[in-house]
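For reference, the chains in residue letters:
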Amino acid sequence: MNAEDTEAMRSLDIRLRRLHAGLDARPGFEDRLAARVADLRAQRARPLPTEAVHRIEREYERARARFDRDAKVEGLLLAVAGLGGVLAVWQLVPELAHLLAAATHSTGPAAIAFGALPLAVALMWAVLRRFDVDPRALVGA
Amino acid sequence: MDEDIVDLIRAGRHDDALARLVPAYRRRLFGLAYGILRDRAAAEDVAQEVFVKVWQAMGSYDGRARLSTWIYAIARNAAISALRKRPRATSLSDPDVSAEAELAEASSQAPESDDPQLWRLVETLPEKQRQVVTLYYQEDRSTEEVAEMLGLPVNTVKTHLHRARARLAVALAASEEWAA
């Protein structure tokens, strides 16, 4: 690069600096920003209108009533199903006793217990989970 | 300066932090937004929006990134988002006509300048070169600071600056020869 080029570059730098020197926001930028922030702060601090509060309360009450109703229906269904199950088992008690005796005779009581225990635990687990109870919490795990 | 602002943010004194932040960053954010948008009113809107966003997000600033890096990232995103939302004034298929229309639009938004010839030439630079030139010459910034503002490597900024100056020098020499 010769001296003429260097001089041209220096001149270009000066012109570019001058060209961009005035590049700034309009006067009053801070005041406009302060007004914007104050407006946002006021919006945040403003309490909800009474009508909105009442609407939210009504929606909350409706949702609570719906959950209560659903829980009652589910409880009733479970009770009916449980009663039906007990009655069915009651009807089959002689046959079940006969089957149990035959199985015990052929395989031994330990094998029956070995098979029935996991089944009982799984059943219990499913019932507890259904009522949002964590079985691990019951045994302290 | 930034350390004092960070202390105020950590102390939960967000309004005080904003009061210190605005004079320190106003020109930088305006320049950054202007470099991307090439429109003074839009750049000012974006700068205001960035300060509001920063003020609202001060509670979540954890100090892992430098304050300036954090603010510049918010500013770049806001400016790019504003650019995307802006409707295109021209949808011309002829690139020459389109470029001329863009130049006319840019000239109409140029700040009061006593060097309109150079302003027009700057406007014809490729986008990144134009952004680098704007930020570098706006406040005599270092290439390191421009790199941080644009989220680019320093060497990339140096390359853009070198190419832009060379291009402007050639264009100026040609236009002066033509005028003579």
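Look up a bit, the structure's there.
Residues numbered from 1 in each chain as written. Chains lettered and ligands numbered in written order. Predicted model: local features only at pLDDT ≥ 70, side-chain atom pairs only at ≥ 80, totals over all residues. Heavy atoms only, no water.

Chemist: Tell me about the overall build of chain B, residues and numbers included.
Modeler: A tally of regular secondary structure across chain B gives 9 helices and 0 strands. The secondary structure elements of chain B, listed N-terminal to C-terminal, are α-α-α-α-α-α-α-α-α. A buried classification covers 43% of the 180 residues belonging to chain B. A fraction of 64% describes how many contacts in chain B between residues 6 or more apart in sequence connect residues 24 or more apart. Within the structure as shown, chain B displays about 9300 Å² of accessible surface, and the carbon and sulfur contribution to it stands at 50%. (Helix = DSSP H or I, 4+ residues; strand = E, 2+ residues; numbered from the N terminus. Buried < 20%, exposed > 50% of the residue type's maximum accessible area, 1.4 Å probe, protein only. Contact = heavy atoms within 4.5 Å. Areas by Shrake-Rupley, 256 points an atom, 1.4 Å probe, with all protein chains shown as cover.)

Chemist: So what about helix α4 (residues 93–107) of chain A? Which residues, and what values?
Modeler: Relative to the 21 Å expected for 15 residues at 1.5 Å per residue, α4 of chain A spans 20 Å between its end C-alpha atoms, a close match to the ideal helical length. After α4 of chain A finishes, the residue Gly-108 of chain A shows a positive phi value of roughly 100°. (Expected span 1.5 Å × (residues − 1).)

Chemist: Give me the lowdown on the side chain of Ser-68 of chain B, citing residues and values where you can.
Modeler: Turning to its location among the elements, Ser-68 of chain B is positioned in helix α4 (residues 67–85). Beyond its immediate sequence surroundings of up to four residues, Ser-68 of chain B is in contact with Asp-2, Tyr-25 and Glu-148 of chain B.

Chemist: Account for the nonpolar core, naming residues and giving values.
Modeler: Among the nonpolar cores identified, the biggest contains 62 residues, and Leu-16 of chain A together with Leu-21, Leu-29, Val-50, Phe-51, Leu-67 and Ile-71 of chain B are the most heavily contacted of them. The dominant element in this core, judged by the number of residues it contributes, is helix α2 (residues 14–37) of chain B, at 12 residues. Every residue in contact with Phe-51 of chain B, bar those within four places of it in the chain, is listed here: Phe-29 and Leu-33 of chain A together with Leu-18, Leu-21, Val-22, Tyr-25, Arg-26 and Leu-29 of chain B. (Core = buried A, V, L, I, M, F, W, Y, C linked by side-chain atoms within 4.5 Å.)

Chemist: Requested: an account of the side chain of Gln-48 of chain B, with residues and values cited.
Modeler: Positionally, Gln-48 of chain B belongs in helix α3 (residues 40–57). Once residues lying within four places of it in the same chain are set aside, the contact partners of Gln-48 of chain B are Phe-29, Arg-32, Leu-33 and Arg-36 of chain A.

Chemist: Kindly report on a nonpolar patch on the surface, identifying the contributing residues and their values.
Modeler: Residue and element names in this part refer to chain A. A surface patch of nonpolar side chains, amounting to about 620 Å² of accessible area, comprises Val-89, Trp-90, Leu-92, Val-93, Leu-96 and Leu-99. Counting only elements with at least two residues in the nonpolar patch, the list comes to α3 (50–91) and α4. The leading source of residues in the nonpolar patch is α4, at 3 residues. On the secondary structure map, Val-93 appears in helix α4. (Patch = residues over 30% accessible without salt bridge, like charges linked within 9 Å, V, L, I, M, F, W, Y side chains within 5 Å. Salt bridge = Lys/Arg side-chain N within 4 Å of Asp/Glu carboxyl O.)

These figures come from the coordinates and say nothing about function on their own.
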